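Fold and contact review
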Amino acid sequence: MNQENKITKPNTKYIFVTGGVTSSLGKGIISSSLAYLLQSRGLRVTIQKFDPYINVDPGTLNPYEHGECYVTDDGAETDLDLGHYERFLDVPTSQNNNVTTGKIYFEVISRERRGDFLGKTVQVVPHITDEIKRKFVSLSYESNFDIIITEIGGCIGDIESLPFVEAMRQFRWDIGEHNSIVIHLTLIPYLQSAGELKTKPTQHSVKMLQESGIQPDILVCRTEHSLPVDLRKKIALFCNVQQSSVIEAHDAETIYDVPLLMRDENLDEIVLKKLHIEGTPEPILDKWMSYLKKLKNPKSEVNIALVGKYVQLKDAYKSISESFIHAGAHSECKVNLIWISSESLVDNRWSEKLENLDGILVAPGFGERGFEGKINAVKYARENKMPFFGICLGMQCAVIEFARNVLAFENANSTEMNPDANYPVIDMMEEQKQVTHKGGTMRLGSYPCVLKEDSRAFDAYQSTQISERHRHRFEFNNKFLRDFEDNGMIATGINPDTDLVEIVEIKEHPWFVGAQFHPELKSTVMTPHPLFIGFVNACIEYSKQL
Ligand code: GLN
């Protein structure tokens, strides 16, 4: 490593989490659960995700391919795993918590163009690996973390993650013994025909890691059945790890059980021992346990429609569905989400699909497909006084529906859907009109908002000053604000600096709230989001009327 790249944070320890055998084993949940256990022992912990794809960030990826795009306070469009990190740790992440191959190359190529390499040939080793190593430590300069957990996306053996693995190998030497460990998450499949758990895929995956010069310290084994002692012994023997470091990760009823399952397996203690961190107290898990208790013992139940166009892939609305779990537990209510494709809400029997529900949420989104179905969903909620929650595009739909059907603004629309609309009640933000590039150019990240006291929003937040995260190009067109307010749709949340309408509500309705921002990005286990709580409570009330 060059002198300029020397790692100089001896106090921070590093945990790398890799995955083997298959993707989707839940590295994000295991990392978050471990981080939570360490945090509950008083350690300062953060998690970062390294993704192997070439996109600079996931902002331009179709949600069908990559699930939802998670936005941080500082306006980065990131991987949805960062959502898990925040939901478990209750600590905000930043743009430095998500690095992609694209970001690394972008940085190195920009430096090459500036002439920083002084005639040298720029290569994967050392230039790309040096840049990756710089990113491994960058969070330690942001805050005084005791431990940084780095999740390496993809699977060991993938061509595209090789530079990350090589950088990890070098980095572990650079920072010296006992300052880092590697946890490898793997699958122990159950062969129905043989009636046996099979360790061979894990053996192969560990061999592949070893070929790259990395010996994992701990194996976390995803399994549908308990791992008997002899199997743990076998895995330990063939994979060159201690038997106590073979951790069982049994399929869980809810992801929120995983911290406790990992605790039962002593994962946190083993990690601390291997990192030579001594003297931390036992983890305090009372609050987590009481959350789980409420989650598992609901006193009521509601059915809420989630209307969106990406409903086939539930990950596209990950933060929304998790927010309902947090708010439901808070109100001791089981929230059943009824996933409804907005495209299905336009035939002549569309309204039947919304009958017998307790509330409707219209989800964020982009573009025309499924748009008119969302408008119908709003209409149904408004007319039937059913609790309604619109998020981002969902809020814009609420405005358009009100314009068309209450204000009689014929064909009112957003200029996103119809640039020539007669009544452009939702229009592109002024600052967006000059934007030509798509990546990272929306109105992103946290902005302040001031609430009117006589509102559902204020009832929920119990404060007039809030701050929420955004991701949009279009906004409420203030030219029409008077028409709306005179007829009962009130702007109850306004950005104090730009006058942008951030929340609309219908006065004569039990609970009708549209938010231009994304409340779902700030809901955590320990701090469920006030608007989700307000909405769930309204749905509980509504369900009692039926
Ligand atoms: N497409 C809308 C806009 O850009 C809404 C975006 C969203 O729902 N995130 O303003």
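This report concerns the structure included in the present document.

If you tally the helices and strands in the chain, you get 17 helices and 23 strands. Based on the C-alpha atoms only, the size of the chain along its principal axes is roughly 70 × 60 × 45 Å. Here the chain holds 546 residues, and 58% of them are scored as buried. Looking at the chain alone, contacts between residues at least 24 apart form 73% of all its contacts between residues at least 6 apart. With the model as given, the accessible surface of the chain reaches about 23,100 Å², and the carbon-plus-sulfur share is 49%. Between the centroid of the 58 positive side chains of the chain and the centroid of its 75 negative side chains there is a distance of 4 Å.

With that settled, consider the site of the ligand. Surrounding the ligand, one finds Pro364, Gly365, Phe366, Cys392, Leu393, Gln396, Glu416, Arg471, His472, Arg473, Phe474 and His518. In this structure, an oxygen atom belonging to the ligand sits 2.8 Å away from a main-chain N or O atom of Phe474. With the chains in place, 99% of the 290 Å² that the ligand exposes on its own is no longer accessible. Among the cavities detected, the one that contains the ligand is the second largest pocket. Listed by contribution, the elements that provide at least two residues to the shell around the ligand are helix H14 (393-405) and strand E19 (465-472).

Within the open sheet, the seven strands sit side by side as E5-E2-E6-E1-E7-E10-E11. Their pairing is parallel. Two strands close off the open sheet at either side, each with one partner strand: strand E5 (98-100) and strand E11 (246-250). Sheet twist, expressed as the average angle between the axes of neighbouring strands with direction ignored, equals 20°. Here five bridges tie strand E1 (residues 13-19) to strand E6 (residues 147-152), and the two strands are oriented parallel to one another.

Cut-offs applied
Residues numbered from 1 in each chain as written. Predicted model: local features only at pLDDT ≥ 70, side-chain atom pairs only at ≥ 80, totals over all residues. Heavy atoms only, no water. Helix = DSSP H or I, 4+ residues; strand = E, 2+ residues; numbered from the N terminus. Buried < 20%, exposed > 50% of the residue type's maximum accessible area, 1.4 Å probe, protein only. Contact = heavy atoms within 4.5 Å. Areas by Shrake-Rupley, 256 points an atom, 1.4 Å probe, with all protein chains shown as cover. Lys, Arg positive; Asp, Glu negative; His and termini not counted. Charge placed at Lys NZ, Arg CZ, Asp CG, Glu CD. Near = heavy atom within 4 Å. Polar contact = N/O pair within 3.5 Å; in protein donor to acceptor, adjacent residues only side chain to side chain. 1 Å grid on protein atoms, 1.4 Å probe; cavity = no way out; pocket = protein on both sides within 12 Å on 5 of 7 lines; lining within 4 Å. Sits in = over half its atoms within 2 Å of the grid points. Pairing = 2+ DSSP bridges. Axes fitted to C-alpha atoms, helices over the stretch in contact; angles between N-to-C directions.

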